[in-house]
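Below, each chain spelled out in residue letters.
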Amino acid sequence: MPKSAYVHIPFCKSKCHYCSFTSGVNGGAAAYEPYINALKKEIAARYKGETLDTLYFGGGTPSLLDLQPVVDMFNLAKDAEVTIEVNPGGNGPGLPLEVNRVSVGVQTFDDKILQLIGRTHSAADAARALQSYENVSADFIYGLPAQTLEGFVSDLRRAVDLGVNHISLYGLKIEPGCAFYDNPPDVPSDEMQADMWLAAIDTLKDFEHYEISNFSRDGFQGRHNLNYWNNGQYYGFGAAAHGYENGVRYSNTTDVQEYLKNPLARETETVITPQMQLEEEIFLGFRKTAGIDVADINKKFGMDFNDKYAGVLTKYSQYFVNTPHGYALTKNGMLVSNAVLSEFID
Ligand code: SF4
């Protein structure tokens, strides 16, 4: 039974040029109340009352809505991690009382770049937001138009100076559905993106680099996302939300109006076969710097991992390191992880 829930809030004040998530104005404030009602309907029908260890509000800009009535529907463990994503400079109705972790979309502290990518906040707004919460994670994007290696590193240093205890990095990807897809800007090369990622590891040496793109101070790993990388189950509520329950991965409609009409309709449902589960376990496990636990996999899937994958472990031996529990990817292995890990697919 899932002990984690993700709730998607598809509203933002405006749409950033690089964003192809289900987000944006989507009917504006007039749609907030109907959306909360639809969410309550979906949760009432699907949630089985488990005590949740983690609850995560993502988007979009979840802090635009009053989410207390939604939080009130869940049973939360005493030490549950309750995270909400916020955008700097946004005024909302206030965060639910139970929120104890705030993820701030900083993206960069460069005002010129913020403007280029369609963000409506300033670097000063972002700094203020980071200082407004006790347990805060900062999101940054690397590979942005006009961004330099030095500029990116100085962004990270500033976040560290402001006392954040968690940093998540996103390499810019321009995908269909965003303004940049139709009007592509000049962006740093793939090689420069890789250099930026490597520079982040050097800059954040005092943090634990616990997942390809995530860094934390001691004791501040994001528990909700760790559950994904541990291939755990989770509920997904809201338009465009994804979930994983009882061997089925599912997604809800990305059409907000459609969701308001019928919050119980699933857009996709995929039964995960044991082979798919094994492959997911490997793909997700290698995202963590702790890597995969071979004994655990052998037990779970009744197999001999070293024997089954001897070929790929030998072929790419320079990209793997031995850990007390199995294997992890080296830094260079993480840079080419898609190519390496695709060899584990049957
Ligand atoms: S990037 Fe974030 S703030 Fe910008 S439109 Fe997308 S979800 Fe909203």
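Residues numbered from 1 in each chain as written. Predicted model: local features only at pLDDT ≥ 70, side-chain atom pairs only at ≥ 80, totals over all residues. Heavy atoms only, no water.

Asker: Which parts of the structure should I look at to understand the site of the ligand?
Answerer: All residues adjacent to the ligand are Cys-12, Ser-14, Lys-15, Cys-16, Tyr-18, Cys-19, Phe-21, Ser-23, Gly-59, Gly-60, Asn-87 and Arg-119. Here the shell around the ligand is composed, by residue class, of five nonpolar, five polar and two charged. (Near = heavy atom within 4 Å. Nonpolar A, V, L, I, M, F, W, Y, C, P; charged D, E, K, R; others polar.)

Asker: What's the story with the packing of helix H5 (residues 149-161) against helix H7 (residues 190-203) in this structure? I'm lost.
Answerer: When two helices pack together, their arrangement is captured by the angle between the axes and the distance separating the axes. Between H5 and H7, whose axes approach to 10 Å, the crossing angle comes to 30°. Judged by the inter-axis angle, H5 sits roughly parallel to H7. Viewed along their axes, H5 and H7 form a crossing whose handedness is right-handed. Touching Leu-149, Phe-152, Val-153, Leu-156 and Arg-157 of H5 are Met-192, Asp-195, Met-196, Ala-199, Ala-200 and Thr-203, all from H7. Each residue belonging to the contact of H5 with H7 can be placed in one class, and the counts come to eight nonpolar, one polar and two charged. (Axes fitted to C-alpha atoms, helices over the stretch in contact; angles between N-to-C directions. Helix = DSSP H or I, 4+ residues; strand = E, 2+ residues; numbered from the N terminus. Parallel < 35°, antiparallel > 145°, perpendicular 65-115°, else oblique. Left-handed = near helix turned anticlockwise from the far one by under 90°. Contact = heavy atoms within 4.5 Å.)

Asker: Just checking my understanding: could you explain the sheet that holds strand E14 (residues 320-323) for this structure?
Answerer: The sheet built from three strands is open, its strands ordered E13-E15-E14 with antiparallel pairing. Of all the strands in the sheet, the pair left with one neighbour each is strand E13 (292-293) and E14. Here E14 runs beside strand E15 (residues 326-329); their pairing, made up of four bridges, is antiparallel. Looking at E15, one finds that Asn-322 is bridged to Tyr-327. (Pairing = 2+ DSSP bridges.)

Asker: Would you mind going over the packing of helix H10 (residues 274-285) against helix H11 (residues 294-301) with me for this structure?
Answerer: At a minimum axis separation of 11 Å, H10 and H11 run at an interaxial angle of 170°. The angle between H10 and H11 falls in the class roughly antiparallel. For the pair formed by H10 and H11, the contact residues are Pro-274, Gln-277, Leu-278 and Glu-281 on the first element and Asp-296, Ile-297, Lys-300 and Phe-301 on the second.

Asker: Please explain the nonpolar core as it appears in this structure.
Answerer: Inside soluble globular proteins, nonpolar side chains tend to come together where they are buried. Core analysis: the biggest nonpolar cluster contains 81 residues, and Phe-74, Phe-140 and Phe-305 have the highest contact counts within it. With six residues, the single largest contributor to this core is helix H1 (residues 32-46). Taken domain by domain, the makeup of this core includes at least three residues from each of domain 1 (4-228) and domain 2 (274-346). When near neighbours in sequence (up to four residues on either side) are disregarded, Phe-140 contacts Val-106, Gln-107, Thr-108, Phe-109, Phe-152, Asp-155, Leu-156, Ala-159, Ile-167, Ser-168, Leu-169 and Tyr-170. Within the second largest apolar cluster, ten residues are counted, among which are Cys-16, Cys-19, Ile-117 and Phe-180. (Core = buried A, V, L, I, M, F, W, Y, C linked by side-chain atoms within 4.5 Å. Buried < 20%, exposed > 50% of the residue type's maximum accessible area, 1.4 Å probe, protein only. Domains from an automatic or database assignment.)

Asker: Can you walk me through the pairing of strand E10 (residues 242-245) in this structure?
Answerer: The side chains of a regular strand alternate between both faces of the sheet. Where E10 lies against strand E11 (residues 248-252), four bridges are found, and the strand directions are antiparallel. Residue His-242 lies in a different strand from E11, and its bridge partner there is Ser-251. The hairpin turn running from E10 into E11, its antiparallel successor, is two residues long, and Asn-246 in that turn takes a positive phi close to 45°.

Asker: Quick question: what am I supposed to make of the pairing of E15 here?
Answerer: Where E13 meets E15, two bridges bridge the pair, whose relative direction is antiparallel. Paired with Ile-292 across the strands is Tyr-327, a residue of E15.

Asker: Would you explain unusual backbone geometry in this entry?
Answerer: Note on backbone geometry: most residues besides glycine have negative phi, and most peptide bonds are trans. Going from Gly-59 to Gly-60, the amide bond is cis rather than trans, its omega being 20°. Within the secondary structure, Gly-60 sits in the loop between strand E2 (51-59) and helix H2 (68-71). Look at Ala-146: it is not a glycine, yet its phi comes out positive at around 70°.

Asker: Got a minute to help me understand the domain arrangement of the chain in this structure?
Answerer: Partitioning the chain into domains gives domain 1 (4-228) and domain 2 (274-346). On a C-alpha basis, the centroid separation for the pair domain 1 and domain 2 is 29 Å. In this assembly, eleven residues from domain 1 lie in contact with eight residues from domain 2. Both faces considered, domain 1 and domain 2 share a buried interface measuring about 900 Å² in area, 67% of it formed by carbon and sulfur atoms. (Buried area = accessible area lost by both parts, 1.4 Å probe.)

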